[in-house]
Amino acid sequence: MYREELINKALRLPVSAIPYYVSSQLAALFPEKALIACENGLFDVEEYAREEHCSIEAETTIYNEFVSNWEEPDEEEHATATDGQLTKHARNAWMQVAWGGERLEYIKMQWVEGYSHHVHHWLLADREETANAFLEIVIRWNAEVRGEILVFDDGCWHKDQQLYRVIQGATLDNLILHGTLKQDIRTDLERFFNARALYEKYRIPWKRGILLVGSPGNGKTHTVKALINLLGKPCLYVKSLKAEYCTDEKNISDVFSKARKAAPCILVLEDLDSLLTDENRSFFLNELDGFAANIGIVTLATTNHPERLDPAILDRPSRFDRKYAFNIPGLPERIEYISFWNASLQDMMCLPEEAIEHIAKLTAGFSFAYLKELFLSSMMRWIVAPQPDIMDKIMLEQVTLLREQMVINAQSSD
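The rules we used
- Residues numbered from 1 in each chain as written.
- Predicted model: local features only at pLDDT ≥ 70, side-chain atom pairs only at ≥ 80, totals over all residues.
- Heavy atoms only, no water.
- Helix = DSSP H or I, 4+ residues; strand = E, 2+ residues; numbered from the N terminus.
- Buried < 20%, exposed > 50% of the residue type's maximum accessible area, 1.4 Å probe, protein only.
- Areas by Shrake-Rupley, 256 points an atom, 1.4 Å probe, with all protein chains shown as cover.
- Lys, Arg positive; Asp, Glu negative; His and termini not counted.
- Charge placed at Lys NZ, Arg CZ, Asp CG, Glu CD.
- Arc of directions from axis to C-beta.
- Contact = heavy atoms within 4.5 Å.
- Polar contact = N/O pair within 3.5 Å; in protein donor to acceptor, adjacent residues only side chain to side chain.
- Pairing = 2+ DSSP bridges.
- Core = buried A, V, L, I, M, F, W, Y, C linked by side-chain atoms within 4.5 Å.
- Axes fitted to C-alpha atoms, helices over the stretch in contact; angles between N-to-C directions.
- Parallel < 35°, antiparallel > 145°, perpendicular 65-115°, else oblique.
- Left-handed = near helix turned anticlockwise from the far one by under 90°.
- Salt bridge = Lys/Arg side-chain N within 4 Å of Asp/Glu carboxyl O.

Looking at this structure, how should I read the overall build of the protein chain?
Looking only at helices and strands, one finds 16 helices and 13 strands in the protein chain. Looking at the protein chain as a whole, 47% of its 414 residues qualify as buried. Split by element, the accessible area of the protein chain, about 21,000 Å² in all, is 52% carbon and sulfur. On the protein chain, the mean spot of the 43 positive side-chain charges and the mean spot of the 63 negative ones are 5 Å from each other.

Next comes the structure, spelled out in structure tokens:
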């Protein structure tokens, strides 16, 4: 019962005291065992076991806290919803690990401190060499990018299975953009990854910086995910450069160090203007400018607010040498988008052909996100009282309501 008592007592302590208390109690209870404590986000024993590299079983003599979550994919600008997935992981648990003919005891605990979520791990093994070897191999295995998406957030790397599933379903086929924009970006990246020998022949650094610029809801995020899926290169996805116990400089260094090891790869910096500050900008630029060190890295960044970016980032070609504008859709794009959605509706709900162009003309200034909301809100209203030949009337009313909402949102953001 001492196992359960240890966890219960630890969780009643001030959070700053938990790691020391658990370590000291384990050392006292198991003096003959080698003990290792770890808080590395890549020490994911459960993921390692799911791939059958080891086996884990919860200690049966105590209550172990496991949490089940239903994960649904992120919202996509042009995609319909897909099925979610049930996941289960340990929150506070004591487990037995079988690995390579060795047996280890593994304790995992989690708690929240302020706005930070902490995960701590402890290993007990007969020999220190065994504990060290298991710790190293699990971290190294989880650090490898094998088709998964490695995400950097709160100062550490982790694999985001939900984001990976969303990216696996993202495609350029259902993406509507102005003119040849979609094909231009695709061709640019495909040529780059196929041209290493040519770059080396002429002694040009084989790296690329691409910046997608435009107001929210016009396809930047969908484009990034579809490109990752299409190109099949290792992807590192940066959500934040802030962490409670690490400096921005340390985090930026970790991001580029990992990208160099994974190259050729895609390094995604979404909402670049929100990642950079006056304090970390110079250090970021130094890492970005590392010609020899950044071989094979495509830095793919997005911004909704180019005016917030320093000219040293926005205007210097060697940093982001390709900039693509994602503008509010014009009339041809709106007609194409409305036709795309209309083709997916059931017969009674479909718009007549003449209504498509009429609604497209009335939605000048709508982003793709607002056009999607137009269809979704209209479908919901139609379902309440379904009748044939009324969808166009419902959509005309929704256009008025959404335009009023756009005005309110614009005023509130000023």
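What should I look at first to understand helix H5 (residues 161-168) in this one?
Note: α-helices contain 3.6 residues per turn, so residues at a spacing of three or four share the same orientation. Of the positions making up H5, those classed as buried are Leu163, Val166 and Ile167. In a view along the axis of H5, the buried residues occupy a sector of 100 degrees, so they form one face of it. Where H5 is buried, its residues contact strand S7 (149-153), helix H8 (220-231) and strand S10 (235-238). The N-capping residue of H5, defined by a side-chain oxygen 3.2 Å from the backbone nitrogen of glutamine 162, is aspartate 160.

Looking at this structure, how should I read the pairing of strand S9 (residues 208-213)?
On a regular strand, each side chain points to the face opposite its neighbour's, so the side chains alternate between the two faces of the sheet. Of all 6 residues making up S9, 6 are buried, and the element is well covered by its neighbours. Alternating positions in S9 separate into two faces, Arg208, Ile210 and Leu212 on one and Gly209, Leu211 and Val213 on the other, with burial throughout. Looking at chain direction, S9 and strand S12 (residues 297-303) are connected through 6 bridges and run parallel. The partner of arginine 208 across the bridge, within S12, is valine 298.

Is there a simple way to think about the nonpolar core in this case?
Counting 53 residues, the largest nonpolar core has Phe43, Phe134, Leu267, Leu272 and Phe284 as its most contacted members. By residue number, the principal contributor to this core is helix H4 (residues 128-143), which donates 7 residues. Formed by 31 residues, the second largest nonpolar core is a distinct cluster that contains Phe192, Ala226, Cys235 and Val268.

Teacher, can you tell me more about the side chain of histidine 120 here?
Structurally, histidine 120 is set in strand S6 (residues 116-125). Here histidine 120 falls in the buried class, since its relative accessible area comes to 9%. In this structure, histidine 120 is in contact with Pro19, Cys38, Glu39, Ile107, Lys108, Met109 and Trp111, ignoring residues within four places of it in sequence.

Can you help me understand the environment of glutamate 373 in this one?
As for its placement among the helices and strands, glutamate 373 is situated in helix H15 (residues 368-384). We classify glutamate 373 as partly exposed; its relative accessible area is 34%. Glutamate 373 sits 32 residues away from glutamine 405 along the chain, and the two C-alpha atoms are 11 Å apart.

Sorry, what's going on with the packing of helix H13 (residues 331-342) against helix H14 (residues 353-362) here?
Axis angle and axis distance: for two packed helices, these are the angle between their axes and the distance between the axes, and together they describe the pair. Remark: H13 packs on H14, axes separated minimally by 9 Å, with the N-to-C direction vectors making an angle of 130 degrees. Here H13 lies oblique to H14, going by the angle between them. For the pair H13 and H14, the crossing hand works out as right-handed. Residues Leu331, Arg334, Ile335, Ile338, Ser339 and Asn342 of H13 touch H14, and the partners they reach there are Ile356, Glu357, Ile359, Ala360 and Lys361.

Sorry, what's going on with the pattern of salt bridges here?
Opposite charge on two side chains makes pairing possible when the charged atoms of those side chains draw close. Tallied over the full model, the rule gives 22 salt bridges. Glutamate 59 is the partner of arginine 3 in a salt bridge, and the nearest nitrogen-oxygen pair spans 3.9 Å. Highlighted residues: arginine 3 in helix H1 (residues 2-11) and glutamate 59 in the loop between strand S2 (55-58) and strand S3 (65-71), separated in sequence by 56 residues. Here arginine 3 matches glutamate 59 in class, with each residue buried.

How do you make sense of the environment of valine 298 when you look at a structure like this?
Note on placement: valine 298 falls in strand S12. Between the C-alpha atoms of valine 298 and histidine 117, which are 181 residues apart in sequence, the distance is 31 Å. Setting aside chain neighbours within four positions, we find valine 298 in contact with Leu189, Phe192, Phe193, Arg208, Cys265, Ile266 and Leu267.

Got a minute to help me understand the packing of helix H6 (residues 181-193) against H8 in this structure?
Between H6 and H8, the least distance of the axes is 11 Å, while the angle of their chain directions is 40 degrees. The hand of the H6/H8 crossing is right-handed. Contacts between H6 and H8 involve Ile185, Arg186, Leu189, Glu190 and Phe193 from the first element and Thr223, Leu227, Leu230 and Leu231 from the second.

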